[in-house]
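Tertiary structure, described
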Amino acid sequence: MSARYINFNGEILPEDSILLTIANRGFKYGDGLFESMRLMKGKLQFAELHAERLQRGMKALKIDGYSQADTWFLREQVEQLGRRNKIRHGRVRLTVYREAEGLYTPTQNKMGFCLEISPLDEPRYFLNERGLIMDIYSELPKPLNYLSTIKTCNSLLYVMAGLFKQQNKLDEVFLLNANGFLCEAGAANIFVWYQNHLYTPALSEGCVEGVMRQVVIKLAQDSGIPITEAQINPEILNEADEVFLTNATSGIQWVMGYGVKRYFNRVSKGLMDELNKL
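All of the points below concern the structure found in this document. (Residues numbered from 1 in each chain as written. Predicted model: local features only at pLDDT ≥ 70, side-chain atom pairs only at ≥ 80, totals over all residues. Heavy atoms only, no water.)

A few words now on unusual backbone geometry. Excluding glycine, most residues fall at negative phi; most peptide bonds, likewise, are trans. The phi dihedral of N9 falls on the positive side, at around 50°, and the residue is not glycine. Mapped onto the fold, N9 is located in the loop between β1 (5-8) and β2 (11-14). A relative accessible area of 31% places N9 in the partly exposed class. (Helix = DSSP H or I, 4+ residues; strand = E, 2+ residues; numbered from the N terminus. Buried < 20%, exposed > 50% of the residue type's maximum accessible area, 1.4 Å probe, protein only.)

Here it is in structure tokens:
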């Protein structure tokens, strides 16, 4: 395997370059945000949606330069890095941090960024053959505020949920918000098919504003599937016919089991077919 390259603040460098100083705010305070994306056939998928979300997040965190982090910038940087690494299908992560000194209070609000890419085998999304086994992680509820929907670099909640998942030999976990309602999964948004209606937690419930979540809501609407963004009591998991997760890297993943409950994957299969047609 040849050495891979990253893009650090516009410069293409070997992946193992030592770049961060002890003063880096992303390292010290988690002062930043990130975007997970998918490259297929050398093209960045859903570039507009990713750029819009990135700009909203940078604006909310008061990081300057969000106007330059547009669709053109994302496409250009990602596809160039793909070519440099000879990767046509891959998983991409853009981390944006506040390039500044200072303690909690920064000396400036300049944007710093790092872009990394790792190869994936296929130019399409695949529905998992074996459904996921899940449980609720309730030790750390997700707080509700205007930063809740952003993928910030403060990821301890997801790290702790990941440890719980690992210790309990689960494939994924459901996260609850501070009011005890369904929020999201450890690394994905949640959709619940119940009484011939599709539900997903509303953004006001504190879930990350997933790009694939937006895409799947639109696919459902276009396919005539009734869908509602709602406040969802976790009790619904015992009654639902189907539960599936969405994120930008995997597309759609169906859930097979929660406790003794077993689910189908008819709706998720149909939506996955539609997704691959895009």
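Another point: the packing of helix α5 (residues 211-222) against helix α6 (residues 266-277). Running from amino to carboxyl end, α5 crosses α6 at an angle of 105°, the nearest separation of the two axes being 10 Å. The angle between α5 and α6 places the two elements in the roughly perpendicular class. Contacts between α5 and α6 pair M212, V215, V216, L219 and A220 from the former with L271, E274 and L275 from the latter. Counted by class, the contact of α5 with α6 contains seven nonpolar, no polar and one charged residues. (Axes fitted to C-alpha atoms, helices over the stretch in contact; angles between N-to-C directions. Parallel < 35°, antiparallel > 145°, perpendicular 65-115°, else oblique. Contact = heavy atoms within 4.5 Å. Nonpolar A, V, L, I, M, F, W, Y, C, P; charged D, E, K, R; others polar.)

So, on to a nonpolar patch on the surface. A grouping of L140, L156, V159, M160 and L163 is seen on the molecular surface, where their side chains present a nonpolar patch of about 420 Å² in accessible area. The element contributing the most residues to the nonpolar patch is helix α4 (residues 156-167), with four residues. Along the chain, L163 falls in helix α4. Of the residues examined, L163 reaches a relative accessible area of 35% and is grouped as partly exposed. (Patch = residues over 30% accessible without salt bridge, like charges linked within 9 Å, V, L, I, M, F, W, Y side chains within 5 Å. Areas by Shrake-Rupley, 256 points an atom, 1.4 Å probe, with all protein chains shown as cover. Salt bridge = Lys/Arg side-chain N within 4 Å of Asp/Glu carboxyl O.)

Quick look at the pairing of strand β7 (residues 132-142) now. Two elements, β7 and strand β14 (residues 251-258), share three bridges in a ladder whose sense is parallel. Residue pairing across strands places M134 opposite Y258, the latter belonging to β14. Two strands pair when backbone bridges link them, and β7 and strand β8 (residues 172-177) are joined in this way by five bridges, in the parallel orientation. Its bridge partner lying in β8, K142 is registered against N177. For the segment spanning β7, α4 and β8, crossover handedness is right-handed. (Pairing = 2+ DSSP bridges. Right-handed = clockwise from strand over helix to strand, strands pointing away.)

What follows covers helix α2 (residues 47-60). The terminal C-alpha atoms of α2 lie 20 Å apart, and with 14 residues this matches the ideal 20 Å at 1.5 Å per residue to within 8%. Those residues of α2 not exposed but buried are A47, H50, A51, R53, L54, G57 and M58. The buried residues of α2 occupy an angular sector of 165° when projected down its axis, which confines them to one face. Packing partners of the buried residues in α2 comprise β3 (32-40), β4 (43-44), α3 (71-84), β5 (90-99), β6 (110-119) and α5. One or two positions beyond α2, positive phi appears at K62, with a value near 60°. (Expected span 1.5 Å × (residues − 1). Arc of directions from axis to C-beta.)

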